[in-house]
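# Residue-level structural notes
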Amino acid sequence: MSAVIMDGKKLAKQTKADIAARVKQSNKKLGLGTILVGTDPGSVAYVEGKHSDCAEVGINSIRVNLPVSASEQEIIKAVTDLNSNPECTGFIVQLPLPKSVNAKKVLSAINPSKDADGLHPLNLGNLVLSENTIIPCTPKAILTLLEEYKIKLPGSKVLIIGRGTTVGRPLSILLSQKPNNATVTLEHSATSNLPELMKQADIVVAAIGSAHFIKSGMIKDGATVFDVGITRTDQGLVGDVDPAVTQSTSAFAPMPGGVGPMTRAMLLNNIIELAN
């Protein structure tokens, strides 16, 4: 068996072409804002990619770059400025923030109607309640890839490794809701039977940031695997999943090239939804 590689780059290109057409037809001026604190290479590259995507589809960019020494109050001031900026349709605060900053407090300061990442407590609460809301970009990207590659969700056993608020927790809610109807297990550091759970899961999502944590042979034959984790090593960026899993799985979203490009595309889609 050789896995189908879920090509996030190809699907993102198609998605951005659709978004560009929608932007062109819209009579609204759209603008994506980003707040970047510090010069972490990964964060810088990710933000640069988002603005490149904006230029590609015709969405304006608003950049706010702050030094790593910026105080919590200075960051919140940048948030409130974008909240009141009429040229900003929606914006994101690039995570992670410096450890001295209360990220929850910063995210809570975002106007929920401009929350392009879907991480404001109100929007996350609406997701829990199955209300119309902005869905966090990475969970939305994973769901879109599942739909594109016609991978069955209703009744499937999904194992999410990692319970963070940007991926694991919102994804577990999204996949278990109607009409997706998956049976979701959210693994964390106190989970005692992870090997057993991995062998039972039809779909595995790895989002812990531990290089090649999942090896070939640890996953059930024929399962679908999403590699979302990123670890910076001397050999470059490495995902949570050893690519050798493709020898026994049915579908694999690699890192890079799988979920990442679609996450950026979903951010653009969220900007359009916020404008409606």
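Please read all numbers here as calculations on a predicted model, not as lab measurements.

## Description of the nonpolar core
The tendency in soluble globular proteins is for nonpolar side chains to be buried side by side. Within the largest apolar cluster, 46 residues are counted, with the highest numbers of intra-cluster contacts made by Ile-59 and Phe-226. Residue assignment for this core shows that the elements contributing at least two residues are helix H1 (8–25), helix H2 (41–57), helix H6 (137–148), strand E5 (157–161), helix H7 (168–176), strand E7 (203–206), strand E11 (251–253) and helix H9 (259–275). Ignoring any residue separated from it by four or fewer positions in sequence, one finds Phe-226 in contact with Met-6, Ile-142, Leu-145, Leu-146, Ile-203, Val-204, Val-205, Ala-206, Ala-253 and Val-259.

## Observations concerning helix H5 (residues 121–128)
Within H5, burial applies to Asn-123, Asn-126 and Leu-127. One face of H5 carries all of its buried residues, which in axial projection span an arc of 105°. Residues of H5 that are buried sit in contact with H7. Once H5 finishes, Ser-130 follows within two positions and takes phi at roughly 60°, a positive value.

## Structural notes on the sheet that holds strand E3 (residues 60–66)
Spatially, E3-E2-E4 is the arrangement adopted by the three strands of the open sheet, whose pairing is parallel. Of all strands in the sheet, those bounded by a partner on one side alone are E3 and strand E4 (90–93). Going across the sheet, the axis of each strand differs from the next one's by a mean of 15°, ignoring polarity. Two strands pair when backbone bridges link them, and strand E2 (residues 31–37) and E4 are joined in this way by four bridges, in the parallel orientation. Across the sheet, residue Ile-35 finds its bridge partner in E4, namely Val-93. The strands that H2 touches are E2, E3 and E4; relative to E2, the one it contacts most, it runs at about 170°.

## Quick notes on the environment of Gly-49
Take Gly-49: it is sitting in helix H2. Given a relative accessible area of 9%, Gly-49 falls into the buried group.

## Regarding the layout of surface pockets
Here the second largest pocket is characterised by a volume of approximately 180 Å³. In this structure, the second largest pocket is lined by Asn-126, Leu-127, Ser-130, Glu-131, Asn-132, Thr-133, Ile-135, Lys-140, Leu-174, Gln-177 and Glu-273. A class-by-class count of the residues in the lining of the second largest pocket yields three nonpolar, five polar and three charged.

## Some details on the pattern of salt bridges
This structure, assessed with the given rule, holds eight salt bridges. Here Asp-53 ties to Lys-16 by a salt bridge, and the two come within 3.1 Å at their closest N and O atoms. On the criterion of sequence distance, the pair formed by Asp-53 in helix H2 and Lys-16 in helix H1 is long-range, its members being 37 residues apart. On the basis of relative accessibility, which here comes to 3%, the residue Asp-53 falls in the buried class. Assessed through its relative accessible area of 13%, Lys-16 is described here as buried. One salt bridge connects Lys-220 with Asp-202, and the closest N-O pair in it is separated by 2.6 Å.

## As for the packing of H1 against H9
When two helices pack together, their arrangement is given by the angle between their axes and by how far apart the axes lie. Orientation of H1 relative to H9, taken along the N-to-C sense of each, is 15°, at an axis distance of 8 Å. In this view, H1 runs roughly parallel relative to H9, as classed from their interaxial angle. In the packing of H1 onto H9, the handedness of the crossing is left-handed. Along its contact with H1, which presents Gly-8, Lys-9, Leu-11, Ala-12, Thr-15, Lys-16, Ile-19, Arg-22 and Val-23, the element H9 presents Pro-261, Met-262, Ala-265, Met-266, Leu-268, Asn-269 and Ile-272. Here the residues of the contact of H1 with H9 sort into 10 nonpolar, three polar and three charged.

## Observations regarding H6
Note: α-helices contain 3.6 residues per turn, so residues at a spacing of three or four share the same orientation. Its 12 residues place the ends of H6 16 Å apart at the C-alpha level, agreeing with the 16 Å of an ideal helix rising 1.5 Å per residue. Along H6, 10 of the 12 residues are buried, which leaves the element largely enclosed by surrounding structure. The set of residues buried in H6 consists of Cys-137, Thr-138, Pro-139, Lys-140, Ala-141, Ile-142, Leu-143, Thr-144, Leu-145 and Leu-146. At its buried positions, H6 is contacted by H1, H7, E7, strand E8 (224–227) and H9. Of the residues flanking the end of H6, it is Lys-150, one or two places downstream, whose phi is positive at about 55°.

## What to know about unusual backbone geometry
At the junction of Leu-95 and Pro-96, the peptide bond is cis and its omega measures out at 5° in the coordinates. With respect to the element layout, Pro-96 can be found in the loop between E4 and helix H4 (103–108). In this model, Lys-178 is joined to Pro-179 through a cis peptide bond whose omega is 0°. One non-glycine residue, Lys-150, lies in the positive phi region at around 55°. Within the secondary structure, Lys-150 sits in the loop between H6 and E5. For Lys-150, a relative accessible area of 75% corresponds to the exposed category.

Cut-offs and rules
Residues numbered from 1 in each chain as written. Predicted model: local features only at pLDDT ≥ 70, side-chain atom pairs only at ≥ 80, totals over all residues. Heavy atoms only, no water. Core = buried A, V, L, I, M, F, W, Y, C linked by side-chain atoms within 4.5 Å. Buried < 20%, exposed > 50% of the residue type's maximum accessible area, 1.4 Å probe, protein only. Helix = DSSP H or I, 4+ residues; strand = E, 2+ residues; numbered from the N terminus. Contact = heavy atoms within 4.5 Å. Arc of directions from axis to C-beta. Pairing = 2+ DSSP bridges. Axes fitted to C-alpha atoms, helices over the stretch in contact; angles between N-to-C directions. 1 Å grid on protein atoms, 1.4 Å probe; cavity = no way out; pocket = protein on both sides within 12 Å on 5 of 7 lines; lining within 4 Å. Points joined across faces, edges and corners; volume = space filled by probe spheres on them. Nonpolar A, V, L, I, M, F, W, Y, C, P; charged D, E, K, R; others polar. Salt bridge = Lys/Arg side-chain N within 4 Å of Asp/Glu carboxyl O. Parallel < 35°, antiparallel > 145°, perpendicular 65-115°, else oblique. Left-handed = near helix turned anticlockwise from the far one by under 90°. Expected span 1.5 Å × (residues − 1).

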